[in-house]
Structure formats: C-alpha cells, structure tokens
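Here is how the chains run, residue by residue.
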Amino acid sequence: MNRAAALAAHAPLMGVPGAASPPGGQGDWFRGAGGLRLRAAFWTPSALVAATPRGTVVLSPGRTEPIEKYFEVIGNFLARGWCVLAHDWRGQGLSARLLPDRLRGHARAVEEFLDDYHRLLDVYEARMPKPWVMVGHSMGGALNLLTLEAGEERFAGAILTSPMLRIKTGKRSMWSVKFAVRWNLRHGKAGDYVLDDADDPFDHTFEKDALTSDESRYELWRQQLYACPHLAVGGPTWGWLAVGLDIGERALKPKALKVVRIPVSIVQSGEDDRVWKQTNRWAAKRLGRGRYVEVANARHEVIMETDDLRAQFLHEFDAMAEYVIPQDAVPVAPLQPEAVSA
C-alpha cells in the first residue's frame, strides 16, 4: 500500500464554542475494508510543550461517538507531549454509514472493524512516533483488545475504559437476547432497530439518558451534536447487537487473553449500566499484564465525567506513559525567549 496516497482530501473537524478542535490537528479520509470512506484525525503537540513528541496515543471511541466528543481528552494528551490519532468507526461520526438511514446504528461483521483498524495504523504509521499507547472506550476498547489478541504488536501499552466485553441486557436473560438476535437475523431483520426502538438522540435529556454525571460536559456534547446533526447515531440494529455480542465472546476466551503481552489497564466505571464490571475485572486478571482500576461513582463514560473522576483516568494514563517512556527520557522543549523573566 502507498501510505501517502492512501489518505485522500482533508476531512472536516466540527467544533462549537468551548469545544473546538485542539490546535495542531488535521482530519483526513482513508479507505477501510471494502473501500468504505472513513475519517481519522492526527494531532501533533506544540513545540512549546515537547521538543520531540513523547509518542502517539491511538484513540478509539465507543458506539455512536465521533472524534469531536473527545476533543477535551485529546487536548489533555497533547498537553502531555503526545501525538494523537483518533478515528470514527464505520457506521458513525463522519465515516461511511452502512444503511440509507444514517441514524440506524448498524454493523455487519467483527472482521470489518478489525480490518479498518489495521488499515488505519498502516496508513498513519510513518507519521506516528513510538511508543504507541492504545486508548479505547466501550465498543472501541473491546475492539482494541481483540486487535491485540489477533497479534498486533506495535503498541507498548493500552488503557481501556469500560470495555464492552459483556453488554448488560436489563431484565432479559442473555440466552433470550441471543435467541432474539438469531431469530431476527434469520428473518432478514438485521437492519431493523432492536425492539423497534429508534432511540432518537435528539430527544435525549441529561436526566434520562446521560452516561456521565457531569451535566456541563453532557450539554457541551449536545451542542456539538446540534451543530452537526450528521454526527448523530440512534439506537442499535439487530445486526449491530449480533456483532456487539460476538466481540465480547471472542475477546473473553482465556487463551486469547493470555497472548496479550503488553501492559493493559482496564479503567472501569463503578456505576456502569451498560457493561458488566465483574466481567471486565475477570478479564483483567487473565491478561498477561493486566490491571483493573474501578472509579467509584463514575458512570459509563468515565472520560467525560466530573473533574475528580476523570482525573483518575488521567492518573492511569500518566502511569502507563511513565512506564512505556519515562519522562526523563524525553527531550525538553527549549525555553522560548519571550518566556524568560527579567
């Protein structure tokens, strides 16, 4: 693959007052599995922060989430001297959707996601200083873990927040959910909403739908969504649910977990109503160099939580960064003339 040619024209990065794209970044289009046009963005830290970038963070959002939702934490990584590569999974953000109705959160196969991610890394590899640290949330975290289990060896460490290894199914048993998935797929309903619930994101409210206890961050994301409605994704289809369950079942195989040799920190929200924290704790214990950290009182989106709760995630990131490349091994940015005091 000609990596330089693999990136097409620049892709937009949408912003609103208070949530603009951090400086030093650029969006791009690239081709995923099957030729789908997908979006990614790459940031380089200011020379005032780092004379040489410390390494690269590869950031993978959860279901429905676009790059824009992570501008704040991208800024946190840049301030620490890291380059950042973020991307929109197929079917969400500004990447190609899989159905004519853009709001339907659809998926077809785990392999398509894994292929997309591999192509993403190949396309940007020449621009990404090492070491690389993988950061993934929920669906993104689970797919990241599968990538490591499949033999991806270019990363030095990984931090996965509330990875989607076992989805909570409410009052319905997992057996009944799997039966319903099989029935609907067999009857040609893969593209239909689960239980006919469109879950229109424009009808959401903080009180009923927030996955964070930080109302200001929630409302800022709502402003981004209204400013660019094309970023929105609604409820999952039966096809997506089938893929979501498959991701977890594959990732949780004990033999697969044991092959992951790099340090992996699972930062789990204590009040998670989307994934089973007990399953994530179990997985962390079976990883070769796994660590489990539970953030008490945090809801599912710990990276979007209140300052004191998300600080625990940043603390884990800093510890991982120090492990893979100690701060004293990084060249210090030269003092700028205008910063010299009299």
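Fair warning: this is a prediction, and the values are worked out from it, not measured in the lab. (Residues numbered from 1 in each chain as written. Predicted model: local features only at pLDDT ≥ 70, side-chain atom pairs only at ≥ 80, totals over all residues. Heavy atoms only, no water.)

**Re unusual backbone geometry**
Line of reasoning, step 1. The residue after K130, namely P131, is reached through a cis peptide bond having omega 10°.
Line of reasoning, step 2. With respect to the helices and strands, the residue P131 is situated in the loop between α3 (110-124) and β6 (132-137).
Line of reasoning, step 3. Residue S138 is not a glycine yet carries a positive backbone phi of 50°. (Helix = DSSP H or I, 4+ residues; strand = E, 2+ residues; numbered from the N terminus.)

**Notes on the pairing of strand β5 (residues 82-87)**
Line of reasoning, step 1. The buried count for β5 comes to six of six residues, which makes it a mostly enclosed element.
Line of reasoning, step 2. Judged by which residues are buried, β5 turns out to be covered on both faces: W82, V84 and A86 on one side and C83, L85 and H87 on the other are all buried.
Line of reasoning, step 3. Here strand β3 (residues 37-43) runs beside β5; their pairing, made up of four bridges, is antiparallel. Opposite W43, over in β5, you have V84 as the bridge partner. (Buried < 20%, exposed > 50% of the residue type's maximum accessible area, 1.4 Å probe, protein only. Pairing = 2+ DSSP bridges.)

**Some words on the pattern of salt bridges**
Line of reasoning, step 1. For the coordinates displayed, the defined rule picks out 27 salt bridges.
Line of reasoning, step 2. For R299, the salt bridge is made with D273, and the minimal N-O distance between the two is 3.6 Å. With R299 in the loop between β9 (290-295) and α11 (307-324) and D273 in the loop between β8 (264-269) and α10 (277-286), this residue pair connects regions lying 26 residues apart in the sequence.
Line of reasoning, step 3. Among the residues examined, D273 registers a relative accessible area of 35% and is labelled partly exposed.
Line of reasoning, step 4. Between K277 and E294 there is a salt bridge whose closest N-O contact spans 3.1 Å. (Salt bridge = Lys/Arg side-chain N within 4 Å of Asp/Glu carboxyl O.)

**Some details on empty space enclosed by the protein**
Line of reasoning, step 1. Evaluation of the coordinates by the stated rule reveals one cavity of 30 Å³ or more.
Line of reasoning, step 2. Volume-wise, the largest cavity comes out at about 60 Å³.
Line of reasoning, step 3. What lines the largest cavity is simply R63, T64, R90, G91, Q92, G105, H106, F113, M139, V233 and W240.
Line of reasoning, step 4. Looking at side-chain class alone, the lining of the largest cavity contains four nonpolar, five polar and two charged residues. (1 Å grid on protein atoms, 1.4 Å probe; cavity = no way out; pocket = protein on both sides within 12 Å on 5 of 7 lines; lining within 4 Å. Points joined across faces, edges and corners; volume = space filled by probe spheres on them. Nonpolar A, V, L, I, M, F, W, Y, C, P; charged D, E, K, R; others polar.)

**A few points about the packing of aromatic side chains**
Line of reasoning, step 1. Enumeration according to the criterion identifies 11 aromatic pairs in this entry.
Line of reasoning, step 2. Relative to F317, the ring of F77 lies with its centre 4.5 Å away and its plane at 40°, an arrangement referred to as tilted. Separated by 240 residues along the polypeptide, F77 in helix α2 (residues 71-79) and F317 in helix α11 bring together distant segments of the chain. Each member of the pair, F77 as well as F317, is classed as buried.
Line of reasoning, step 3. Plain terms: the ring middles of W89 and F113 are 5.8 Å apart, the flat faces sit at 75° to each other, and that makes the pair edge-to-face. Of the two residues, W89 sits in the loop between β5 and α3 while F113 sits in helix α3, which places them 24 residues apart along the sequence.
Line of reasoning, step 4. Overall, W89 belongs to the buried group, its relative accessible area being 2%.
Line of reasoning, step 5. Looking at F113, the relative accessible area reads 1%, which means it is buried.
Line of reasoning, step 6. An aromatic cluster is present here, built from F77, W82, F313 and F317 joined pairwise through their rings. (Phe/Tyr/Trp six-rings, centres within 6.5 Å; stacked < 30°, edge-to-face > 60°.)

**So, the packing of helix α4 (residues 139-149) against helix α8 (residues 238-251)**
Line of reasoning, step 1. It is the contact of α4 with α8, at a shortest axis distance of 9 Å, that shows an interaxial angle of 45°. Taken together, the axis directions place α4 and α8 in an arrangement best described as oblique. For α4 against α8, the interelement crossing comes out left-handed. Facing α4, whose interface residues are M139, A142, L143, L145, L146 and E149, α8 presents W240, I247, R250 and A251. (Axes fitted to C-alpha atoms, helices over the stretch in contact; angles between N-to-C directions. Parallel < 35°, antiparallel > 145°, perpendicular 65-115°, else oblique. Left-handed = near helix turned anticlockwise from the far one by under 90°. Contact = heavy atoms within 4.5 Å.)

**What to know about a nonpolar patch on the surface**
Line of reasoning, step 1. On the surface, a nonpolar cluster with roughly 380 Å² of combined accessible area is contributed by W175, F179 and W183.
Line of reasoning, step 2. Relative to the elements of secondary structure, F179 occurs in helix α5 (residues 174-186). (Patch = residues over 30% accessible without salt bridge, like charges linked within 9 Å, V, L, I, M, F, W, Y side chains within 5 Å. Areas by Shrake-Rupley, 256 points an atom, 1.4 Å probe, with all protein chains shown as cover.)

**Some words on α3**
Line of reasoning, step 1. The end-to-end C-alpha separation of α3 is 22 Å, in line with the 21 Å expected for 15 residues at 1.5 Å each.
Line of reasoning, step 2. Those residues of α3 that fall on the buried side of the exposure criterion are V110, E112, F113, D116, Y117, L120, L121, D122, V123 and Y124. (Expected span 1.5 Å × (residues − 1).)

**What about the nonpolar core?**
Line of reasoning, step 1. Formed by 57 residues in total, the largest nonpolar core has its most connected members in Y124, F155, L241 and I247.
Line of reasoning, step 2. With eight residues, the top contributor of residues to this core is α8.
Line of reasoning, step 3. Residues in contact with I247, not counting those within four places in the same chain, are V110, M139, A142, L143, L146 and M164. (Core = buried A, V, L, I, M, F, W, Y, C linked by side-chain atoms within 4.5 Å.)

**Considering the packing of α3 against α8**
Line of reasoning, step 1. Where α3 contacts α8, the two axes come as close as 9 Å, and the packing angle between them is 70°. As judged from the angle between their axes, α3 and α8 are roughly perpendicular. Contact with α3, carried on its side by V110, E111 and F113, involves V243, D246, I247 and R250 of α8 and no other residues of that element.
Line of reasoning, step 2. Class assignment of the residues belonging to the contact of α3 with α8 gives a composition of four nonpolar, no polar and three charged.

**Things to note about the environment of V275**
Line of reasoning, step 1. Mapped onto the elements, V275 comes out in the loop between β8 and α10.
Line of reasoning, step 2. Separated by 22 residues in the primary sequence, V275 and N297 place their C-alpha atoms 15 Å from one another.
Line of reasoning, step 3. With residues up to four places along the chain from it excluded, the contact list for V275 reads S162, P163, M164, R166, K168, Q268, N280 and H300.

**Quick notes on the confidence of the model for the chain**
Line of reasoning, step 1. Of the residues in the chain, 95% reach a pLDDT of 70 or more, and the chain-wide mean stands at 94.
Line of reasoning, step 2. Low pLDDT, under 50, characterises residues 335-342; the predicted model gives this stretch two contacts beyond four residues in sequence or across chains. (pLDDT = per-residue confidence, 0-100.)

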